[in-house]
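Per-entry structural report
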Amino acid sequence: MAMYNSLTGGWTVSGGYFECRSCGTRTVSERFLAVCPNCGGSVRNIAVARE
Ligand SMILES: [Zn+2]
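Cut-offs applied
Residues numbered from 1 in each chain as written. Predicted model: local features only at pLDDT ≥ 70, side-chain atom pairs only at ≥ 80, totals over all residues. Helix = DSSP H or I, 4+ residues; strand = E, 2+ residues; numbered from the N terminus. Buried ≥ 20, exposed ≤ 12 C-beta atoms within 10 Å, placed from the backbone. Contact = placed C-beta atoms within 7 Å. Pairing = 2+ DSSP bridges. Core = buried A, V, L, I, M, F, W, Y, C linked by C-beta atoms within 7 Å.

Quick look at the overall build of the chain now. When you go through the chain residue by residue, the secondary structure sums to 1 helix and 3 strands. Taken from the N to the C terminus, the helices and strands of the chain come in the order α-β-β-β. Residues classed as buried in the chain amount to 12% of the 51 residues present. A separation of at least 24 residues holds for 24% of the contacts in the chain among residues at least 6 apart in sequence.

In structure tokens:
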């Protein structure tokens, strides 16, 4: 049973979208991301881009 589906409807505190400051790669991670998986640069946690 997917007991956590209701929780993933929103965004967790530490996860979400991360954007690389160097190459601009955006990564979606459930966990906090410290570095860009593409180039190893620093990333920032960007806000939920609701459209
Ligand atoms: Zn990068």
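Right, let's talk about the pairing of strand β2 (residues 26-29) for a bit. Note: strand β1 (residues 16-20) against β2, 4 bridges, orientation antiparallel. The partner of Y17 across the bridge, within β2, is V28. Hairpin connection of β1 to β2: 5 residues between the antiparallel strands, including G24 at a positive phi of 85 degrees.

So, on to the nonpolar core. Counting residues in each nonpolar core, the largest one holds 5 residues, listed as F18, C20, L33, C36 and V43. The contact partners of C20, leaving out residues within four places of it in the chain, are T25, C36, N38, C39, G41 and V43.

This brings us to the environment of C23. Along the chain, C23 falls in the loop between β1 and β2. Considering only alpha carbons, one finds C23 and G40, 17 residues apart in sequence, at a separation of 9.5 Å. If we skip the residues at most four places from it in the chain, C23 touches C36, N38, C39 and G41.

Topologically, G40 is positioned in the loop between β2 and β3 (43-46). Sequence separation of G40 and S22 is 18 residues, and the distance between their C-alpha atoms is 8.8 Å.

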